[in-house]
Amino acid sequence: MDVMTAIVTRRSEKVLTDPAPSDGEFHYLLRGAATAPDHGRLRPWRWILVRGEARAALDRTVAPSGPRPAGKNARGLPEPPLRALLVFSPLPGHRIPEWEQLAASCSMTHALMMLLHALGYGSIWRTGRLCTSPGLHGLLRMEEGERLLGSLDIGTPPEGPRQRRPLPDVSDRVSVFEAATAARPAHGIREAVSAE
Ligand SMILES: Cc1cc2nc3c(=O)[nH]c(=O)nc-3n(C[C@H](O)[C@H](O)[C@H](O)COP(=O)(O)O)c2cc1C
């Protein structure tokens, strides 16, 4: 699969069943994803893998709900076989600002989703109640300054080819800076210069 095809056929998959990547496979894919742009190569993130009964126990703790069929979520969809929790672990006071560390973490996550997709796995990044649950910080033994960015639910999506999406119109999201613009500073800049 070429890179454009991979990108335009990826979907956030809501229905995910077995198989999911093994721990070893997840590690391998993560080593690839960890080569995503990361200023300072800080890798300011970590993953916590949750499967099976542990996933159900985590759900019961953070988002208690009424009785539901085993293995199904509140909407009656199958629970994913692997839930990978993404913990943001910024290095405090580092010369690389925290927002750049967050950007690196998001780049890594998208790369991981693409690698999963290329192998036929599906995933969806979820935030929701998990991220705001009050007891979660302690339960996951998160350090001070760490933050849960959500979970990546991972498994195998339903059979069938994924359609290529139509490419969105992004023409109003791109502009070109001309040399002539530099010769005519914007009002605010001229004022600032003459005030010096
Ligand atoms: C940071 C982040 C948080 C998200 N949280 C949720 C969520 O809580 N629930 C959900 O159904 N989808 C969530 N999504 C997935 C988006 O809804 C999804 O990417 C969007 O609908 C576009 O679908 P697509 O990925 O198939 O293009 C999240 C995506 C991101 C990047």
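Residues numbered from 1 in each chain as written. Predicted model: local features only at pLDDT ≥ 70, side-chain atom pairs only at ≥ 80, totals over all residues. Heavy atoms only, no water.

Caption draft 1: Main features of the packing of helix H2 (residues 23-33) against helix H4 (residues 98-118). Where H2 meets H4, the closest approach of the two axes is 8 Å, and the angle between their N-to-C directions is 130°. The angle between the axes of H2 and H4 places the two elements in the oblique class. The interaxial crossing formed by H2 with H4 has right-handed handedness. Between H2, through Phe 26, Leu 29, Leu 30, Gly 32 and Ala 33, and H4, the contact on the second element is made entirely by Met 108, Ala 111, Leu 112, Leu 115 and Leu 116. Broken down by class, the residue content of the contact of H2 with H4 amounts to 9 nonpolar, 1 polar and no charged. (Axes fitted to C-alpha atoms, helices over the stretch in contact; angles between N-to-C directions. Helix = DSSP H or I, 4+ residues; strand = E, 2+ residues; numbered from the N terminus. Parallel < 35°, antiparallel > 145°, perpendicular 65-115°, else oblique. Left-handed = near helix turned anticlockwise from the far one by under 90°. Contact = heavy atoms within 4.5 Å. Nonpolar A, V, L, I, M, F, W, Y, C, P; charged D, E, K, R; others polar.)

Caption draft 2: Structural detail: the nonpolar core. Among the nonpolar cores identified, the biggest contains 21 residues, and Phe 26, Leu 30, Trp 47, Met 108, Leu 112 and Leu 152 are the most heavily contacted of them. Every element with two or more residues in this core is listed here: H2, strand E1 (45-51), strand E2 (82-88), H4 and strand E4 (147-155). Once you skip the residues sitting within four places of it in the chain, Leu 112 turns out to touch Phe 26, Leu 29, Leu 30, Ala 33, Trp 47 and Leu 152. Within the second largest apolar cluster, 11 residues are counted, among which are Val 50, Leu 58, Val 62 and Leu 140. (Core = buried A, V, L, I, M, F, W, Y, C linked by side-chain atoms within 4.5 Å. Buried < 20%, exposed > 50% of the residue type's maximum accessible area, 1.4 Å probe, protein only.)

Caption draft 3: Layout of the site of the ligand. Neighbouring residues of the ligand: Arg 10, Arg 11, Ser 12, Ile 124, Trp 125, Arg 126, Thr 127, Gly 128 and Arg 165. Between the ligand and the protein, one listed contact pairs an oxygen atom with a side-chain N or O atom of Arg 126 at 3.2 Å. At 2.9 Å, a backbone N or O of Thr 127 approaches an oxygen atom of the ligand. Across the complex, the protein chains shield 53% of the 620 Å² of accessible surface that the ligand would expose by itself. Top contributing element to the shell around the ligand by residue count: strand E3 (residues 122-126), with 3 residues. Its residues assigned to classes, the shell around the ligand shows 2 nonpolar, 3 polar and 4 charged. (Near = heavy atom within 4 Å. Polar contact = N/O pair within 3.5 Å; in protein donor to acceptor, adjacent residues only side chain to side chain. Areas by Shrake-Rupley, 256 points an atom, 1.4 Å probe, with all protein chains shown as cover.)

Read these as layout, nothing more, since geometry by itself doesn't imply function.
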